[in-house]
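Reading the structure
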Amino acid sequence: MESRNVVYVSHYKGQRQQPLRNVYIPAPTLARVLRGSKLLLWRGERVEVTPERWLALPAGQSLTFVNEPGATGFESVTLSFLVQPPADWLANVTLTEKAPCLFSDASLTFCFDALVNGTEHQLAEATQQHLAMALLAQLHDTGALSLLFPGNKMTWRDRVSRYLMAEPGAEHSLEKAAQALSVSRATLHRRLKTEGYPFRQILADIRMGYSLTVMQKGCTVTEAALASGYESPARFSERFKQIFGVTPTQYRQTIKSF
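The notes below deal with the structure included here.

**With respect to the overall build of the chain**
The secondary structure content of the chain amounts to 10 helices and nine strands. Taken over the C-alpha trace, the chain has a radius of gyration of 18 Å; the compact-globule value for 258 residues is 18 Å, and the two agree within 12%. Residue pairs at least 24 apart in sequence account for 79% of intrachain contacts in the chain once pairs closer than 6 positions are excluded. For the chain, the exposed area adds up to about 13,000 Å²; of that, 50% sits on carbon and sulfur atoms. Once the 28 positive and 22 negative side-chain charges of the chain are each reduced to a mean point, those two points are 6 Å apart.

Okay, structure coming up:
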């Protein structure tokens, strides 16, 4: 039986400055810079993310940032959690307006690397689950878990986002999502409408974010469009520019020389 990943791992590189806006974070995510730095605009404040200072982002954020290459370029890895920590770890959460950053230590780095490697080596789901809980336990111990999980309840937008993340480029519909989430189509439509996020908007956000990771692997714009569920590369490019502020070609040119 094929293992289901309990986290979603993405790698990003760049040889030129990468300015992006409206990058949707669909699940609680740790973002770790390995080379260079990331300049994040957070509620009017400029926040520098470095190898020593990680981002800990709750679901539902839309980020504006610039990836700045150092002498050897830019490199980062993100780890998005598709599982929830135990409810009692999230009791008495205190919301904060501070930048969503934490300083790494040897224990966090060890657990992070083990989970990333375990996921990429397709370890059994139960093994991945244990590794994910180990990292979440370390975050809980340092008091940083509330940065990722500011509440103990998932929104319906979060639920749909995590469902779509498994296969962003597949043929999706509200009916299929409702069936996967064990509710009726009408119920899911009503709950998403109450939250103010139509299904099609969530799907577009997930697919656009996925297209960034696809192009990081060297795919052409046409290949990225098809992988992200767009039949028309022109429509894909238009949507990409509208959201991120750069064209797919411009973004692709920042990664490396093709």
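**Examining helix α10 (residues 248-255)**
The complete set of buried residues in α10 reads Pro248, Tyr251, Arg252, Thr254 and Ile255. Mapping the buried residues of α10 onto a view down its axis gives an arc of 155°, with all of them on the same face.

**Remarks on the sheet that holds strand β5 (residues 45-49)**
Taken together, four strands build an open sheet; the order of strands is β2-β7-β4-β5 and the sheet is antiparallel. Both outer strands of the open sheet, β2 (18-25) and β5, are each paired with one neighbouring strand and no more. The mean inter-strand angle of the sheet, taken between neighbouring strand axes irrespective of direction, is 30°. Relative to strand β7 (residues 61-68), β2 runs antiparallel, the two sharing six bridges. By the bridge assignment for β7, Val23 is matched with Leu63.

**Section: the sheet that holds strand β1 (residues 7-14)**
The strand order across the open sheet built from five strands is β1-β8-β3-β6-β9, with neighbouring strands paired in antiparallel fashion. Every other strand in the sheet has two partners, leaving β1 and β9 (101-103) as the edge strands with one partner each. On average, adjacent strands in this sheet sit at an angle of 25° to one another, irrespective of strand direction. Relative to β9, strand β6 (residues 53-57) is paired through three bridges, and the arrangement is antiparallel. Across the sheet, residue Arg53 finds its bridge partner in β9, namely Phe103. The strands that helix α1 (residues 106-120) touches are β1, β3 (29-35), β6, β8 (74-81) and β9; relative to β1, the one it contacts most, it runs at about 100°.

**Considerations on the side chain of Thr29**
Counting through the fold element by element, Thr29 comes out in strand β3. In terms of polar contacts, Thr29 uses its side chain to reach the side chain of Ser80, at 2.7 Å.

**Details of the side chain of Ser228**
Structurally, Ser228 can be placed in the loop between α8 (221-227) and α9 (233-244). Sequence-distant contacts of Ser228, defined by excluding residues within four places in its chain, comprise Pro168, Gly169, Arg207, Tyr210, Ser211 and Phe236.

**Digging into the packing of helix α4 (residues 156-165) against helix α6 (residues 185-195)**
Taken N-terminus to C-terminus, the directions of α4 and α6 make an angle of 120°; their axes are 9 Å apart at the nearest point. From α4, Trp156, Arg157 and Val160 reach across to α6, where they touch Leu188, Arg191, Leu192 and Glu195. Here the residues of the contact of α4 with α6 sort into four nonpolar, no polar and three charged.

**A look at the environment of Asp158**
Topologically, Asp158 is positioned in helix α4. In this structure Asp158 comes out as buried when scored by relative accessible area, which is 10%. Spatially, the C-alpha atoms of Asp158 and Val47 are 25 Å apart, while their sequence positions differ by 111 residues. When neighbours within four sequence positions are excluded, Asp158 is seen to be in contact with Pro26 and Ala59.

**Digging into the pattern of salt bridges**
Enumeration over the complete set of coordinates arrives at four salt bridges. Residues Arg185 and Glu175 are paired through a salt bridge, measuring 2.6 Å at the closest nitrogen-oxygen approach. One end of the pair, Arg185, is in helix α6; the other, Glu175, is in helix α5 (residues 174-180), with 10 residues separating them in the sequence. Judged by its relative accessible area of 44%, Arg185 falls in the partly exposed class.

**Some remarks on the packing of α1 against helix α2 (residues 125-142)**
Helix packing for two helices is described by the angle between their axes and how far apart those axes are. Between α1 and α2, the shortest axis-to-axis distance is 9 Å and the interhelical angle comes to 160°. In terms of orientation, α1 lies roughly antiparallel with respect to α2. Handedness of the crossing formed by α1 with α2: left-handed. In contact with Ser107, Leu108, Cys111, Phe112, Ala114, Leu115, Gly118 and Thr119 of α1, α2 contributes Gln128, Leu131, Ala132, Ala134, Leu135, Gln138 and Leu139. Its residues placed into classes, the contact of α1 with α2 shows 10 nonpolar, five polar and no charged.

What counts as what
- Residue numbers run consecutively from 1 along every chain, following the written order of its sequence.
- Only residues with pLDDT of at least 70 are given local features in this predicted model, and only at 80 or more are side-chain atom pairs given and counted; all residues enter the totals for whole chains, interfaces and linings.
- Each side-chain value is worked out from all heavy atoms of the structure, with water and hydrogens disregarded.
- Only DSSP runs of H or I reaching four residues or more are called helices, and only runs of E reaching two or more are called strands; each is numbered from the N terminus.
- Atoms counted for the radius of gyration: C-alpha only. Globule rule: 2.2 Å times the number of residues to the power 0.38.
- Whether two residues touch is decided by their heavy atoms; if any such pair falls within 4.5 Å, the residues are in contact.
- Residue burial considers only the protein chains on display, and all accessible areas are found by Shrake-Rupley using a 1.4 Å probe.
- Charged residues are defined here as Lys and Arg on the positive side and Asp and Glu on the negative side; His and the ends of the chain fall outside this count.
- Every charge is mapped onto a representative atom, which is NZ of Lys, CZ of Arg, CG of Asp or CD of Glu.
- Exposed residues in this analysis have more than 50% of their type's maximum accessible area, buried residues have under 20%, and partly exposed residues fall in between, with area computed by a 1.4 Å probe over protein chains only.
- Each C-beta atom gives one direction from the helix axis, and the arc is the one those directions make.
- Any two strands with at least two DSSP bridges between them are considered paired.
- Comment: axis = line fitted to C-alpha atoms, over the contacting stretch for helices; angle = value between 0 and 180 degrees taken between N-to-C directions.
- Counted as a polar contact is a pair of N or O atoms within 3.5 Å, where, for protein atoms, one must be capable of donating a hydrogen and the other of accepting one, and residues adjacent in sequence contribute only when both atoms are in side chains.
- When residues are sorted by character, Ala, Val, Leu, Ile, Met, Phe, Trp, Tyr, Cys and Pro go into the nonpolar class, Asp, Glu, Lys and Arg into the charged class, and all the rest, Gly among them, into the polar class.
- The term salt bridge refers to a pairing of a side-chain nitrogen on Lys or Arg with a carboxyl oxygen on Asp or Glu at a separation within 4 Å.
- Convention used here: angles under 35 degrees read as roughly parallel, angles over 145 as roughly antiparallel, angles from 65 to 115 as roughly perpendicular, and any remaining angle as oblique.
- Should the near helix be turned anticlockwise from the far one by less than a right angle, the crossing is left-handed, and should it be turned clockwise, the crossing is right-handed.

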